[in-house]
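Next come the chains, spelled out residue by residue.
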Amino acid sequence: MDIQNFTKQYILNLKKLLDEIDVNVIEKIILEIETLLINKGRLYILGNGGSSATASHMVNDLGAGLRRRNIINLDVVSLGDNSPVVTAIANDIGYDNIFYMQMKGLIKKDDVVLAISCSGNSQNIIKAVTYAKEQGCSVIGVSGFDGGKLKEISDISFHVNAANGEYGLVEDVHMILDHIIYSYYIQKGNI
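Definitions and cut-offs
- Residues numbered from 1 in each chain as written.
- Predicted model: local features only at pLDDT ≥ 70, side-chain atom pairs only at ≥ 80, totals over all residues.
- Heavy atoms only, no water.
- Helix = DSSP H or I, 4+ residues; strand = E, 2+ residues; numbered from the N terminus.
- Buried < 20%, exposed > 50% of the residue type's maximum accessible area, 1.4 Å probe, protein only.
- Pairing = 2+ DSSP bridges.
- Right-handed = clockwise from strand over helix to strand, strands pointing away.
- Expected span 1.5 Å × (residues − 1).
- Axes fitted to C-alpha atoms, helices over the stretch in contact; angles between N-to-C directions.
- Parallel < 35°, antiparallel > 145°, perpendicular 65-115°, else oblique.
- Contact = heavy atoms within 4.5 Å.
- Nonpolar A, V, L, I, M, F, W, Y, C, P; charged D, E, K, R; others polar.
- Phe/Tyr/Trp six-rings, centres within 6.5 Å; stacked < 30°, edge-to-face > 60°.
- Core = buried A, V, L, I, M, F, W, Y, C linked by side-chain atoms within 4.5 Å.

Student: How do you make sense of the overall build of the protein chain when you look at a structure like this?
Tutor: Within the protein chain one finds eight helices and five strands. Reading the protein chain from its N terminus to its C terminus gives the helix and strand order α-α-β-α-β-α-α-β-α-β-α-β-α. On the principal axes, the C-alpha backbone points of the protein chain span a range of 50 × 45 × 30 Å. Within the protein chain, the fraction of its 191 residues that count as buried is 45%.

Next comes the structure, spelled out in structure tokens:
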């Protein structure tokens, strides 16, 4: 395989996906965050694997990153970050419960769940999102491929229409979503 041609094709594929981003959806996400701030709600971010890493990165940027610059003080948490809690729940009552059980009895109607899943079909994500919706919370779904169940049940859907199995491209665009939101607040804070 030719490394340079592969790299050029990957970049072309990523550019195509970036060109397809619906800026109206990003506006809806930021307006949902604005409402969350007014209502003093909490933003719960969840994902598995690479999506869990994106969730952690989003908490860093949207939480501490904006707070330390005195731009906004967003109450945000990644439910994959506490490995003792995650592994205890997975071991004791099953992996499908790792996010749901952390929100059970704590999540309030003014809270928002941002769920990241390339396939949109991860059972632990769907269970947590379903629970959040039952509690009256808004759900932002961040998905790829065909979007799966997450795309269907989300109130706001940020979807990356990449070929099935193109995890790298989907995760790249998901990370760029974080940086767009973060950079928007940085620019807004510097005006």
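Student: What am I meant to see in the pairing of strand E1 (residues 42–47) here?
Tutor: Look at any regular strand and the pattern is simple: side chains alternate between the two faces of the sheet. Of all six residues making up E1, five are buried, and the element is well covered by its neighbours. Inspection of the sheet shows E1 paired to strand E2 (residues 75–78) by four bridges, in the parallel sense. Bridge pairing in E2 places Tyr 44 opposite Val 77. In this fold, the crossover linking E1 to E2 by way of helix H3 (residues 50–67) has right-handed handedness. Sheet topology note: the E1/strand E3 (residues 112–117) ladder contains five bridges and is parallel.

Student: Before we go on, may I ask you to explain helix H6 (residues 123–134) in this structure?
Tutor: What sets the pattern is the α-helix's 3.6 residues per turn: residues three or four places apart point alike. Taking 1.5 Å per residue, 12 residues should reach 16 Å; H6 reaches 16 Å between its end C-alpha atoms and fits that length. Asn 124, Ile 125, Ile 126, Ala 128, Val 129, Tyr 131 and Ala 132 are the residues of H6 that are buried. Two residues or fewer past H6, Gly 136 is found with a positive phi of approximately 90°.

Student: Mind showing me how you'd approach the packing of H3 against helix H8 (residues 167–189) here?
Tutor: Between H3 and H8, the least distance of the axes is 10 Å, while the angle of their chain directions is 5°. On the basis of their axis angle, the class for H3 and H8 is roughly parallel. Of the residues in H8, those in contact with Gly 50, Ser 51, Thr 54, His 57, Met 58, Asp 61, Leu 62, Gly 65 and Leu 66 of H3 are Glu 171, His 174, Met 175, Asp 178, His 179, Ile 181, Tyr 182, Tyr 185 and Ile 186. Split into classes, the residues belonging to the contact of H3 with H8 amount to eight nonpolar, seven polar and three charged.

Student: Explain the sheet that holds E3 to me, please; I cannot follow it from the model alone.
Tutor: Remark on secondary structure: sheet strands pair via backbone hydrogen bonds, oriented parallel or antiparallel. Taken in spatial order, the five strands of this open sheet run E2-E1-E3-E4-E5, and their pairing is parallel. Two strands bound the open sheet, and with one partner strand each, they are E2 and strand E5 (156–160). Neighbour-to-neighbour, the strand axes of this sheet turn through a mean angle of 15°, independent of strand direction.

Student: What's the story with the packing of aromatic side chains in this structure? I'm lost.
Tutor: The way to describe two aromatic rings as a pair is by their centre distance and the angle between their planes. Counted according to the given criterion, the structure contains four aromatic pairs. Pairing Phe 6 with Tyr 10 gives two aromatic rings, centres 6.3 Å apart and planes at 40°, and the pair type is tilted. Of this pair, Phe 6 and Tyr 10 are both found in helix H1 (residues 3–19), four residues apart, which corresponds to roughly one turn of the helix. A relative accessible area of 25% places Tyr 10 in the partly exposed class. Ring geometry for Tyr 184 versus Tyr 185: centroids 5.3 Å apart, planes at 75°, classification edge-to-face. Residue Tyr 184 is classed as partly exposed on the basis of its relative accessible area of 37%. Looking at Tyr 185, the relative accessible area reads 1%, which means it is buried.

Student: When you look at the nonpolar core in this model, what are you seeing that I'm missing?
Tutor: Residues Ile 29, Leu 43, Ile 45, Leu 74, Leu 114, Phe 158 and Ile 181 are the most contacted members of the largest nonpolar core, which totals 38 residues. At the level of elements, H1, helix H2 (23–39), E1, H3, E3, strand E4 (138–144), E5 and H8 are the ones that each hand at least two residues to this core. Among the elements that take part in this core, H8 stands out by supplying eight residues, more than any other. Ignoring any residue separated from it by four or fewer positions in sequence, one finds Leu 114 in contact with Leu 43, Tyr 44, Ile 45, Leu 46, Met 58, Ile 140 and Val 142. Membership of the second largest hydrophobic core comes to 22 residues, among which are Val 86, Ile 89, Phe 99 and Ala 128.

On their own, these measurements won't tell you what the molecule is for.
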